[in-house]
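# Architecture and fold: a report
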Amino acid sequence: MIDRIGELREQAQAAIAAAESAAALEEVRIRYLGRKADLPNLLRGVAELAPEQRGPTGKAANQARQALEALIERRAGELVAQELDERLTQDRVDVTLPGDPLPAVGRLHLLTATRREIEDVFIGLGFNVAEGPEVELVYYNFDALNHDVTHPARDHTDTFYVHDDVVLRTHTSPVQIRAMELQPPPIYIIVPGRVYRRDSDLTHTPQFHQIEGLAVDDDVTMADLQGTLLAFARAIFGEERKVRLRPHFFPFTEPSVEVDVSCFNCVDGVTADGQRCPICKGTSWIEILGAGMIDPNVFGYVREYGYDPERIQGFAFGMGIERIAMLRHGVPDLRLFYDNDIRFLEQFG
Amino acid sequence: MRVPLEWLHEYCAPPLDARALGDRLAMTGTAVERVEHYGVGALDKFVVGRVLEAGRHPNADRLSLCRVDVGDGEPAQIVCGAPNVRPGQTVAVARPGAIMPDGTTLKAAKLRGLESQGMILAEDELAIGTEHAGILVLDDGDGDRPAGAALDGATLRPGAPLAEVLPLATDVLVLEITPNRPDCLGIYGVAREVHAATGAPLGKPPWVEDPGTAGAVEGASVEVLCPDLCPRFTARVFDNVRIGPSPPWLKARLMAAGQRPISNVVDITNYVMLLTAQPLHAFDLDRVAGAKLVVRRARPGEAVETLDGQTRILDEEMVVITDAEGPTSIAGVMGGARSEVASDTTRVLMEAADWNGPNIHRTSLELGLRSEASSRNEKQLQPEQALEAQVVATHLMIELAGANVRPGTIDVGGPGTRPITIRLRDARVSGLLGAVIPRGRCGEILRALEFGVADADDGLDVTVPPFRRADVTREQDLIEEVARIAGLDRLPATLPSRHGAAGRLTPRQRLRRRVADALAAQGLHEIVGWSFVAPDLADRLRLPANDDRRQAVELENPMSVDQSHLRTTLLGSLLDAARYNRAHGATTVRLFESGPVYLASAARAPLLSEPHHLGAVLIGAARTATWRDPDPRQADIFAAKGALSALLEMLRVPWSVEGASEPFLHPGRSAAVLVAGDRVGWLGEIHPLVAGDWDVTEVVAGFELDLDAVAGRAGGVAMYEDVTSFPEVREDIAVVVPDGVAAEEVIAVVRRAGGRLLAAVEVFDVYRDAERVGEGKVSLALRLSFRELDRTLTDQEVAARRAAIAQALADKLGGSIRAA
């Protein structure tokens, strides 16, 4: 009898190991452990055996059953994992297809991105950001900025007029006067915004953007102007940059300068491949803005607000945002900024 | 201002080439537009030649075959087309290899079968004159030489370099003279700057020795009736004038400086102007009726025929020079045709006068008439310059026109005000510049610029020369003079000490940045549109007559009709950009603009109200098409609303929409946007007829807000709320209400009935089905979230709120909760 149990156990072990699916395993279980199978039948027949045989036979049959049940369970686990693997393997995708993106991110206009960068440099240098009207009184746009009555910028050929005494501002400089009327010194502001001039060609659009700077205190010097613009030039054009102040004339500053930054594209006007540098035209300097020490006559217009030209002094500067963006990003044509072609817009921002 | 170096060097000749001199001038305040080479190149190929033989060319009637001694043994055979070539003439010859003024290189060539080893030159071929009728004859063999040419036998030897005889070539600095320096509109003024900038010695001014005299002039007089507009009028009279061509050297200088030679007297006026900056005018005294000039304001409508043959109608702000027969010149701008010098002129009245700059500027502008004279006079020259020019002209009239100067000088007005003296304080120099320039150096610089300098306790007493009278009036002006010559490159780079200043953006500026970032993050590209619009935009947007946005402000002088008004809405800019991109192949267009609009405002008149608006348009796929979703849903009002709500939620402003339309919107798919109950903009789909006008047939969804109005309501500091300690209970319900009840109303009723425990309500499905929901009804699926901040809610509490909601829906809206 015990031999028979051993025989069945071996047969069942082989069958379990051979079962290749859950269904086949179930068949094996029914064949060896089911109600009609040999092993349970043997167990039921133990009672009829001689008393001395009952113990060992029953024990052997139980052990065999428990062992087989454990084997079946383990085999079942193996089969589940195996079948999952097979299913997953068949659930194959072409991983080389394009990804399914989250909504595409849009871009800030290059003018906005550039303006923000410049603003952030000056905020870091202690300047606030001020604003003012674009439709402006002749008084603020020209008179209080010490423009001679014959200054050609006043001509109808150069400036857009809304009425005799109202223009579209030709620069952000009128906000200098407005800001000084609102606040006594010290004052440190920059003024970004739209400005307008009657000009339209490759290098001029009738609308463009400027950033004005104004610093007035009792001890602000021309050397401070140079240091401030050097910090700006390095932040925007690279740490190696130098600036130089070139004497010039503006009605509302004295001394007046044009400011050049050393070219970021070449060494001494020659590019890496030996060509004359197209950006600085071989001069190794690029003009980026106009500046100067505020003319005492300008303070004369705001003297009553705390600006006595004998006691306070300051500098002002103004730059074109388009020009900075064109230089920095190699944009060849000013009009691209106003076409708003998505293929242009998405390159920046 | 064109400055031929050959001319400049007569007065100041620093040892610098044109480019180096230009760089130095640029760094001391005189901008150099460019450096040009004027005239011929390869100077060694231009020589003096003597014509030995000149015979008929065997194959051409009009050509001569010449043998010309060019100094190197065998005479050269040269074919010449000029009718005036004769044996014995000394001529100018270009040999093969010569570079002509237009840049071409002369080659030995066969002309009608015979070789020509060079070219006998006419004046215009050398670009030193305009004469082309015949060759330039340096000496015709009879001892007659061109008037005024200082030529001797040695330099006229065949083979001698032509450049020793004629000013053949020069570099020219093209300078940009700033409006404060009219003294630099003449060669001598530039020479002063070059002297100060380089230290090279400055020659004596050409007016130091005067061949003329002071006092009354017999036979001519001048009366000035408007001394405010004519501070000084000087005149001299010249007799025995012989009109003829100017000498080559003078013509060459005029040409290099950009002036066309005409005749000796006219050329003298131009030459003196280019040298001294002071315009002059030569009258034919015999054509001045009554031999008296009167300077007065014009009468309204008075006419004068100017030198260019045009009749100009004047007004009473303009100044004329008249004689007994009426106006002969527009003062300071252009001479008249009636009294101009002609080939038979023998007596000349030379005028050099000082005018009121602003008045000349206005006259020139009003008449649309600009001349070399007006462009100088309008910059406000100084009275002293008039007499200086008169002196130089006298020299040249005697020398080049064989004239005699009649004794005396008419001088009405005299020199200008006494020169002023300004204290230049050492402390102020260093205080303004941030660097010390020693007093001695300041004095040196100012003296070089012809300022008078005397020592004072705390600095220098500086006297301003007359030619700088208008520009230098204050201490700060002197500091500029010192700084620009001392070199701004020597300034240190420091930062302001910033007493208590701290930089930051205002809340409104920060909000604008966040809003732009939020829209970009949702896939919209930012555009920058024109502030200008066309007048028909209001019609294209179907704005009715009473719409404020129709009242666009018009420019007096637009560049074109299309840019003649200021925008009152961003929609035009956005639709223009959309059309541009669609025309260039884009099918999906998602754009926004953040910028000002311009509205007439009684409160701000004559200025405008310029609120900052935010607008967006969406056309085409609401999200990017992919291979899995090749045909995504098209953007519509809900896509626009989604973008709008994302940014308003971020700003934490209380907002809602209500059904309302705009003339340019789809009447059934449009809404007003409300923030804290106030209308701040619109949301919707653009009316198909409006969209069609921008060539768009698809749905265009969009919105526009007054961002300033929104900013005023933006949430301040967000306060903490405990939403993590206790779980919220979620329940979905389907609410059936009569179709036509707005979702917003349903939510409002549910919120009120749900009370404090109802934390959130969200619509997640909308369903219409006559059989299952009922005819004329709509089912809204709502997701309710209940929460108590200090404990977990029980099922009974939630059930009670749910029952209250059902009751309220039934009572307020005739609705019900549908079994799930």
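The rules behind each value
Residues numbered from 1 in each chain as written. Chains lettered and ligands numbered in written order. Predicted model: local features only at pLDDT ≥ 70, side-chain atom pairs only at ≥ 80, totals over all residues. Heavy atoms only, no water. Helix = DSSP H or I, 4+ residues; strand = E, 2+ residues; numbered from the N terminus. Rg over C-alpha atoms; globule rule 2.2 N^0.38 Å. Buried < 20%, exposed > 50% of the residue type's maximum accessible area, 1.4 Å probe, protein only. Contact = heavy atoms within 4.5 Å. Areas by Shrake-Rupley, 256 points an atom, 1.4 Å probe, with all protein chains shown as cover. Lys, Arg positive; Asp, Glu negative; His and termini not counted. Charge placed at Lys NZ, Arg CZ, Asp CG, Glu CD. Polar contact = N/O pair within 3.5 Å; in protein donor to acceptor, adjacent residues only side chain to side chain. pLDDT = per-residue confidence, 0-100. Pairing = 2+ DSSP bridges. Axes fitted to C-alpha atoms, helices over the stretch in contact; angles between N-to-C directions. 1 Å grid on protein atoms, 1.4 Å probe; cavity = no way out; pocket = protein on both sides within 12 Å on 5 of 7 lines; lining within 4 Å. Points joined across faces, edges and corners; volume = space filled by probe spheres on them. Nonpolar A, V, L, I, M, F, W, Y, C, P; charged D, E, K, R; others polar. Salt bridge = Lys/Arg side-chain N within 4 Å of Asp/Glu carboxyl O. Parallel < 35°, antiparallel > 145°, perpendicular 65-115°, else oblique. Expected span 1.5 Å × (residues − 1). Buried area = accessible area lost by both parts, 1.4 Å probe.

## Let's talk about the overall build of chain B
Helix and strand counts for chain B come out as 19 helices and 41 strands. For 820 residues, the compact-globule estimate of 2.2 N^0.38 gives 28 Å, and the C-alpha radius of gyration of chain B, at 42 Å, exceeds that figure by more than 25%. C-alpha atoms of chain B, sized along the principal axes, occupy 130 × 80 × 60 Å. A total of 820 residues make up chain B; the buried ones form 52% of that total. Sequence separation of 24 or more characterises 69% of the internal contacts of chain B that already satisfy a separation of 6 or more. Entry remark: accessible area of chain B is about 35400 Å², with carbon and sulfur atoms responsible for 50%. The centroid of the 88 positive side-chain charges in chain B is displaced by 5 Å from the centroid of its 113 negative side-chain charges.

## Remarks on the side chain of Arg474 of chain B
Position of Arg474 of chain B among the secondary structure elements: in the loop between strand S26 (459–463) and helix H11 (475–486). You can call Arg474 of chain B buried: its relative accessible area is 18%. At a separation of 2.4 Å, a polar atom in the side chain of Arg474 of chain B contacts the side chain of Asp295 of chain A. At a separation of 2.8 Å, a polar atom in the side chain of Arg474 of chain B contacts the side chain of Asp477 of chain B. Not counting the four nearest positions on each side in its chain, Arg474 of chain B is found in contact with Glu254, Asp295, Pro296 and Asn297 of chain A together with Ile422 of chain B.

## Concerning the confidence of the model for chain B
With 98% of its residues at a pLDDT of 70 or more, chain B has an overall mean of 92. Scored by ipTM, the complex comes to 0.87, with pTM at 0.85.

## Overview of the sheet that holds strand S40 (residues 777–786) of chain B
All names here are of chain B. Ordered in space as S39-S40-S38-S41, the 4 strands form an open sheet in which the pairing is antiparallel. Two strands in the sheet have a free side with no partner beyond their single neighbour: strand S39 (758–767) and strand S41 (816–818). Taking the axes of each pair of neighbouring strands and ignoring which way they run, one obtains an average angle of 40° across the sheet. As paired elements, strand S38 (residues 729–738) and S41 share 3 bridges and run antiparallel to each other. Residue Ala734 lies in a different strand from S41, and its bridge partner there is Arg818. Packing against the sheet, helix H18 (residues 743–754) makes contact with S38, S39 and S40, and its axis sits at approximately 145° to S39. Relative to the sheet, helix H19 (residues 795–813) contacts S38, S40 and S41, its axis offset from that of S38 by approximately 15°.

## Some remarks on the pairing of strand S11 (residues 169–176) of chain B
For a regular strand, the rule is simple: side chains alternate between the two faces of the sheet. Residue and element names in this part refer to chain B. Judged from the 3 bridges that link them, strand S1 (residues 2–4) and S11 form a sheet pairing that is antiparallel. Among the inter-strand pairings, Val3 is bridged to a residue of S11, identified as Leu173. Of the strand pairs in this sheet, strand S2 (residues 31–39) and S11 are connected by 8 bridges, and their pairing is antiparallel. Considered in S11, the bridge of Ala31 is made with Glu176.

## Points about the layout of surface pockets
Residue and element names in this part refer to chain B. Roughly 1300 Å³ of internal volume is contained in the second largest pocket. Forming the walls of the second largest pocket are 35 residues, and the residues nearest its centre are Phe638, Lys641, Val657, Ala743 and Glu744. Those elements giving two or more residues to the lining of the second largest pocket turn out to be helix H15 (637–651), strand S34 (655–659), strand S35 (665–675), H18, S39 and S40. Of all the elements, H18 adds the most residues to the lining of the second largest pocket, at 6 residues. Of the residues belonging to the lining of the second largest pocket, the class tally is 18 nonpolar, 7 polar and 10 charged.

## Let's talk about the pattern of salt bridges
All names here are of chain B. On inspection of all chains with the given rule, the structure shows 83 salt bridges over all chains. Salt-bridge contacts for Arg730 lead to Glu728; the nearest nitrogen and oxygen are separated by 2.9 Å. Looking at Arg730, the relative accessible area reads 59%, which means it is exposed.

## A few points about the environment of Arg242 of chain B
All names here are of chain B. By secondary structure assignment, the location of Arg242 is in the loop between strand S13 (232–239) and helix H4 (248–257). Expressed as a C-alpha distance, the spacing of Arg242 and Ala403, which sit 161 residues apart in the sequence, is 7.0 Å. Non-local contacts of Arg242, meaning those with residues more than four positions away in its chain, are made with Asn264, Ala401 and Gly402.

## A word on the sheet that holds S34 of chain B
Residues and elements named next belong to chain B. Spatial ordering of the open sheet is given by S27-S30-S33-S37-S36-S35-S34, a layout of 7 strands whose pairing is mixed. A single partner strand is all that each edge strand has here, and the edge strands are strand S27 (525–526) and S34. Sheet analysis places strand S36 (residues 678–686) next to strand S37 (residues 700–706), joined by 5 bridges and oriented antiparallel. Across the sheet, the residue bridging to Leu683 is Phe703, located in S37.

## Observations regarding empty space enclosed by the protein
Counting across every chain of the model gives 4 cavities of 30 Å³ or more. As a volume, the largest cavity reaches approximately 160 Å³. Looking at the largest cavity, it is lined by 18 residues, and the ones nearest its centre are Gly29, Thr178, Asn180, Arg181 and Arg484 of chain B. For the lining of the largest cavity, the elements supplying multiple residues, two or more each, are strand S7 (243–250) of chain A together with H11 of chain B. Its residues placed into classes, the lining of the largest cavity shows 4 nonpolar, 6 polar and 8 charged.

## Considerations on the packing of helix H8 (residues 222–237) of chain A against helix H10 (residues 321–329) of chain A
Axes are the key here: two packed helices are described by the angle between their axes and the distance separating the axes. Residue and element names in this part refer to chain A. Orientation of H8 relative to H10, taken along the N-to-C sense of each, is 45°, at an axis distance of 11 Å. In terms of their interaxial angle, H8 and H10 are classed as oblique. Contacts between H8 and H10 involve Phe232, Ile236 and Phe237 from the first element and Ile324, Leu327 and Arg328 from the second. A per-class count over the contact of H8 with H10 returns 5 nonpolar, no polar and 1 charged.

## Details of unusual backbone geometry
Residue and element names in this part refer to chain A. Of note, the bond from Pro185 into Pro186 is cis; its omega dihedral lies within 30 degrees of zero at 5°. In this fold, Pro186 is placed in the loop between helix H7 (174–182) and strand S5 (187–196). Residue Pro255 is reached from Glu254 by a cis peptide bond, and omega for that bond is -5°. Summarising the element assignment, Pro255 is placed in strand S8 (residues 253–262). Within the chain, Ser284 stands out as a residue other than glycine whose phi angle is a positive 65°. Summarising the element assignment, Ser284 is placed in the loop between S8 and strand S9 (285–294).

## Regarding the environment of Val412 of chain B
Residue and element names in this part refer to chain B. When you line up the elements, Val412 lands in strand S23 (residues 410–412). Expressed as a C-alpha distance, the spacing of Val412 and Asp461, which sit 49 residues apart in the sequence, is 32 Å. Non-local contacts of Val412, meaning those with residues more than four positions away in its chain, are made with Val222, Val224, Pro231, Arg232 and Phe233.

## Let's talk about helix H12 (residues 507–521) of chain B
Between the first and last C-alpha of H12 of chain B there are 21 Å, a value that for 15 residues agrees with the 21 Å anticipated at 1.5 Å per step. Just downstream of H12 of chain B lies Gly523 of chain B, where phi reads positive at about 95°.

## Notes on the interface of chain A and chain B
Taken residue by residue, the interface counts 94 residues in chain A and 90 residues in chain B. Roughly 7800 Å² is buried in total at the junction of chain A and chain B, and carbon and sulfur atoms are behind 56% of that figure. Applying the counting rule to chain A against chain B returns 7 salt bridges. Linking Arg513 of chain B and Asp120 of chain A is a salt bridge whose minimum nitrogen-to-oxygen distance equals 3.0 Å. Per-element accounting of the side of chain A that touches chain B gives the leading share, 7 residues, to H8 of chain A.

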